[in-house]
Every structure is written in structure tokens, then in C-alpha cells.
Amino acid sequence: MDKNLYVYNTLSRKKEIFEPINPPFVGIYVCGPTVYSDVHLGNSRTFISFDIIYRYLLHLGYKVRYVRNITDAGHLEGDRDEGEDKFAKKAKLEQLEPMEIVQKYTIGFHDVMAIFNTLSPSIEPTATGHISEQIEMIKEILANGYAYEINGTVYFDVEKYSKDFPYGQLTNRKLEDLLEGTRELDGQDEKKGRLDFALWIQSKPETLMKWPSPWGWGFPGWHIECSAMGKKYLGETFDIHGGGMDLQATHHTNEIAQSQACSNTVPVKYWMHTNMLTVNGVRMSKSAGNGFLPHELFTGNHPLLERGYSPMVVRFFMAQSHYRSTLDFSNEALQASEKGFQKLMKAGETLNKLKAENESTVNIEELKNNCYAAMNDDFNTPILIAHLFDAVRIINSANDGKEKINQTDLEKLKLVYKSFVFDVLGLKEDKTEKSGEGQLTSDLIDFILNLRLEAKKNKDFSTSDKIRDELTKKGVKIKDTKDGFEWELEN
RNA sequence: GGUCGCGUGGCCGAGUGGCUAGGCAGCGGUCUGCAAAACCGUGUACGGCGGUUCGAAUCCGCCCGUGACCUCCA
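A. Structural detail: the overall build of chain A. Broken down by element type, chain A carries 16 helices and 15 strands. The 491 residues of chain A split such that 51% are buried. At a minimum sequence separation of 6, the contacts of chain A that also span at least 24 residues come to 73%. Counting every atom, chain A has about 23,600 Å² of accessible surface; 49% of that belongs to carbon and sulfur.

So this is what it looks like as C-alpha cells:
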């Protein structure tokens, strides 16, 4: 069987065998958030997708350096190198320093990432922390003749660049088409070419976030930070660069151009793009105002939500679709995922209690191979999950005595379950912790159910049913077993 | 207008030129005092019209619908 990992590369529009440039090391750069507002669920999807990719690469034994930046400067309202700085605007609104905005939303972002059980990146560089690297890079691009300065602002010369290198290959577009598609510049004749973009922008007197540069006071353009930081921490050419599909056409296209104009090498071997999260078929985005905030989702406090859903249910829901497909968000879909997730978790508990038999009637080796095959095929988590439900069936059947599993297979199954459910998919039980009061409740429920058990032994079914009905009403789910009972609280 | 993508059974969502995706819901059964859970069984699904082929939902053409990008967004 094919043990290679295949990765869909946006550059070639094909799945390619993944071969790191310097095995066993793997360098991966993911465009992180611009921290001027709360991350919404769409953003979270991208980071959860790459978390699973990161986790799988680690699971395969690669030494991964995972860099995910924080954009905390240089991101203007419009990308025509005009308009207000996002941080400054927000700072004015909230009457705070721009860096207070940055701090607030960086912490918020980290909280959300932790709630979703994502691993921290190896390095999380900020744009403001790498101003000098960006300036150095701009100087090199200028020296190589692919940029020009006008009144303290430095522009990248796209037409010049495109004569020497391919431009727009990520979106498979030709320069002429791009030029045609560009709208008329309104009153902006500073740039030589319509497609040119700013590397460095001269500050205005009222600009809050500005730095000195060879071209005077100013701030970096949005795209240059990723080029500079990727180069600094991963080298002139590294393995994987990822981000949302919305970044493909402009941000990543320009990143490639900058890096190549600077170093004369192709910066990235595999480009990976995650698809958008949609609500009623429309992309979830900040500007559309249809973005869910994670805490709204958890509490259910949102007009479109019937109730709340736990972070792990949401993570599982996302893993049930492929990262390159759009995923549509609905109560029904979420509820289906919740049931499925609980089934998966419960089977995990059952697995831990399972006793080995002398023989096996199940094929764990095949199951394991199926799981690897799914992930090796461009991180196909929905297929992986389908196979994990095969495991669930095996576990429950063995528990019911309908299948048999021997010691070797049992251990193998436990390892597969642990590896894929917890290590790779990054799921975990999200039970509410039991407080002291919870312990009392627990004891009381046990006590009552023991009374019920006695009633059952005496064939006093009207009493036993009454107890069950009452407890069920109060959210205690009861399961009778052969010689006792099990119960759990509904969340 | 240009570029690219998508359209799968009640819902979500994979995949493939002929071989069961999976989850949820529904229906039937086993188990149970009755339930619940679990397990077993169960669905003539692939937008429309043509074409290629022994065979297409999967390839090609046209059409319809829909979305993304082309302007900030993961």
C-alpha cells in the first residue's frame, strides 16, 4: 500500500507527494489573524484545519517548525494603500492605544485557540516586532529593481516583475486579465502600475503607528511582513505555506512576488489553502456581519442558534468536512455532529474497559491502514472519521460480546484510537468538572438509583419507572445494565 | 464583465468510470419487565439536456442554479 503523504498544492492544482526539503525537518508558515477584532468561527476553522495538519505531521515523526504570525500593524482598511489603519481606527473607537487593541485581541485569540484545543505554534512572530527585517527586505527589492519610491512610499513594480517571473500563478491568472479586471484608480496616480502595491507607506501626521526608515517615517505594507518573517524563521525556501483561500489571490500572490524579487528563489514548495465557512451558503466574514463569535456559539446566545454547542463538538463538526471544501453552518448539522461526537467519546471510554479474549474476530490492522490512508490523502479527515466509526462499531460489538478481540489487537486498537481521535484530530472529552456539590449530587443519584434497583428486584415497576421518569426529566440519563445501572447527566 | 469553484438520498458531508463512504434523522428487528444504549437490517442519491463509452453521478459540450475571488477579511 502507498505510504506516501499526498498534499494538494495550490501552485500545481494537484495532489503531490509530500517530500520535505530537509527531512526530517518541516517548515510551515500559516497566515495568522489581524488582531483588531474578535476572531470569528470562520477564522477559527482555518487554524483548526492547520492544527490537524500540524498534528499529523508531528504524528508521522517530522520535526516541524510551525510559524503563525500575528498581524498587528500595517493593515489598512482598503488595500489600495489608502484608508485608515485598522488598529488606529479601532483604537479611536475604543479610546485606546493601538497596542492596547493588539494586546486585547491577541489574548482573546489565544483563549479561543486554547478552548479549541489547538497546539501553540513554534513561533508566533508579530509584524511590529520585525520592522527592521521588513525594511531590509524592501531595500533588497529596491536594489534588485523591482520596486520604486515616490514621496516616501515604496511600491512593488508588478509589471516589471512579471516580465522576469510568473505572477498570478496561484490563481492561474494572466497579467493582462488581471490588469483588465482592475478597477480604475480613483485619484491615485502615484503608482506607476495599476497592480502595484505598497511595500512601505509614508505616514501622515496623524498616523499613530509609525517607524523610521530610509524613506522617512512610515509603516510596512500588509504583505511584506509574511515574506520577511517566513524568510527569517524558515529560510528562503520552505515546505508549506498555508492560509485561507481568501488570501490566495492578493496576499499570497504578492508574497511570492516579494520573496522572489528579493531572493530570486521560489519561497514555498507547497501552498495550502483552506476553504471558507458559510452560513446559509454565504461566506462568514467580518464585513458581512454574519460571523459567529466562539462564545456565542458555546452559549447559544445568537439569533441563528437554537442552543449552545461545546467547543469539541464544533471542532469535530469541522473535521467532518474536508479543509478544501466549504462548510455550511446550521443547527441541524451541529446537532448531528454532537451526537456523533458523543458516540465517539463514549466508545473511547468503553474501549478502556474492554477485556481481551483469546482470539480476535476483528481486523484491526485493516482499520489502522484505513486511517493512515485517509490522512495520507491530503488530510482527509471526513474519511478518517468514517473509519473511526468502524472502530466504534468494533468496540461496542466486542463490549456486547458479539465480536472478540485478543490482547494484541486490543492494544493496537487502543493505540489507533488514541493516535487519531486525540493526537491527530485533537479532540478531547469536554465534560464539565464535578465540584464538591457535584460529588454530592452524584452520590444522591447513586443512592436513588439503588432504591430503584431494589424496586425492580421486587417487580415494583411502577415505582422504578416513576423514579426513572423523574430523573430523566431532570436531565439524568439512565441505562439499565445486567446487574445494575449506569447514568450520566445531559449537558 | 473576467477568473475559479460548486450543485450528491430528509439534513450534513466524502468519494469514484463498473465494487457499502460515514454521521444525524426515519423505518423494521435483536436485547429489555418496559425503556434507554448498543448491535443487525433498511434508502432505485448524485442540477437539466445532449455526447464519448460495453458501462457515467464520475470524462466532454451546452444550459440552469449557486458561491468565491477580481477591494479589507482565515
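B. Layout of the packing of helix H1 (residues 41–59) against helix H12 (residues 364–376). With their axes 12 Å apart at the nearest point, H1 and H12 run at an angle of 125° to one another. The angle between the axes of H1 and H12 places the two elements in the oblique class. Relative to H12, the crossing made by H1 is left-handed. Across the interface between the two elements, Ile52, Tyr56 and His59 of H1 pack against Tyr372, Met375 and Asn376 of H12. Split by residue class, the contact of H1 with H12 holds four nonpolar, two polar and no charged.

C. Main features of the environment of Val112. Relative to the assigned elements, Val112 resides in helix H3 (residues 98–115). Relative accessible area serves as the criterion here: at 12%, Val112 is assigned to the buried category. Through-space distance from the C-alpha of Val112 to that of Leu41 is 9.7 Å; in sequence the pair is 71 residues apart. Ignoring sequence-local partners within four residues, the contact set of Val112 consists of Val39, Ser44 and Pro294.

D. Spatial organisation of the state of the cysteines. Overall, the coordinates contain zero disulfides when judged by the stated rule. Cys226 forms no disulfide, and the closest cysteine sulfur to it belongs to Cys31, at a distance of 3.8 Å. You can call Cys226 buried: its relative accessible area is 3%.

E. Looking closely at the side chain of Thr118. Structurally, Thr118 is set in the loop between H3 and helix H4 (131–143). At a separation of 2.9 Å, a polar atom in the side chain of Thr118 contacts the main-chain carbonyl oxygen of Met113. Setting aside residues up to four positions removed in sequence, Thr118 forms contacts with Phe47, Ile48, Asp51, Met113 and Arg315.

F. Local environment of helix H2 (residues 86–94). The complete set of buried residues in H2 reads Lys86, Phe87, Ala88 and Ala91. Residues of H2 that are buried sit in contact with H3. With its phi angle positive at about 55°, Gln95 sits one or two positions after the end of H2.

G. Focus on helix H16 (residues 461–473). Under the 1.5 Å per step criterion, the end-to-end length of H16 is 18 Å for 13 residues, consistent within 8% with the ideal 18 Å. Those residues of H16 that sit buried are Ser464, Ile467 and Leu471. Take H16 and look down its axis: the buried residues cluster within an arc of 60°, on one side only. Projecting away from the buried face of H16 at angles above 90 degrees are the exposed residues Ser462, Lys466 and Lys473. Directly after H16, the chain includes Gly475, whose backbone phi takes a positive value near 90°.

H. How the structure looks around the nonpolar core. Residues Ile141, Phe156 and Phe329 are the most contacted members of the largest nonpolar core, which totals 130 residues. Tallying contributions element by element places H1 first for this core, with nine residues. When residues of this core are sorted by domain, at least three fall in each of domain 1 (15–274) and domain 2 (278–424). With near-sequence residues (within four places) excluded, Phe329 lies in contact with Leu41, Leu277, Thr278, Val279, Asn280, Phe292, Leu297, Leu305, Phe317 and Leu334. With seven residues, the next largest nonpolar core counts Ile467, Leu471, Val476 and Ile478 among its residues.

I. Representation of the pattern of salt bridges within the structure. Considering all chains together, one arrives at 24 salt bridges under this definition. For Arg468, the salt bridge identified is with Asp465, shortest N-O distance 3.6 Å. Taken together, the residues span about one helical turn, with Arg468 and Asp465 both in helix H16 at a distance of three residues. Since its relative accessible area comes to 30%, Arg468 is described here as partly exposed. Across the pair Lys474 and Glu470 runs a salt bridge, and its minimum N-O distance is 3.5 Å. Using a relative accessible area of 34% as the deciding quantity, one classes Glu470 as partly exposed. Three or more residues are tied together by salt bridges with common partners; here these are Asp51, Arg55 and Arg315.

Basis of the calculations
Residues numbered from 1 in each chain as written. Chains lettered and ligands numbered in written order. Predicted model: local features only at pLDDT ≥ 70, side-chain atom pairs only at ≥ 80, totals over all residues. Heavy atoms only, no water. Helix = DSSP H or I, 4+ residues; strand = E, 2+ residues; numbered from the N terminus. Buried < 20%, exposed > 50% of the residue type's maximum accessible area, 1.4 Å probe, protein only. Contact = heavy atoms within 4.5 Å. Areas by Shrake-Rupley, 256 points an atom, 1.4 Å probe, with all protein chains shown as cover. Axes fitted to C-alpha atoms, helices over the stretch in contact; angles between N-to-C directions. Parallel < 35°, antiparallel > 145°, perpendicular 65-115°, else oblique. Left-handed = near helix turned anticlockwise from the far one by under 90°. Nonpolar A, V, L, I, M, F, W, Y, C, P; charged D, E, K, R; others polar. Disulfide = S-S within 2.5 Å. Polar contact = N/O pair within 3.5 Å; in protein donor to acceptor, adjacent residues only side chain to side chain. Expected span 1.5 Å × (residues − 1). Arc of directions from axis to C-beta. Core = buried A, V, L, I, M, F, W, Y, C linked by side-chain atoms within 4.5 Å. Domains from an automatic or database assignment. Salt bridge = Lys/Arg side-chain N within 4 Å of Asp/Glu carboxyl O.

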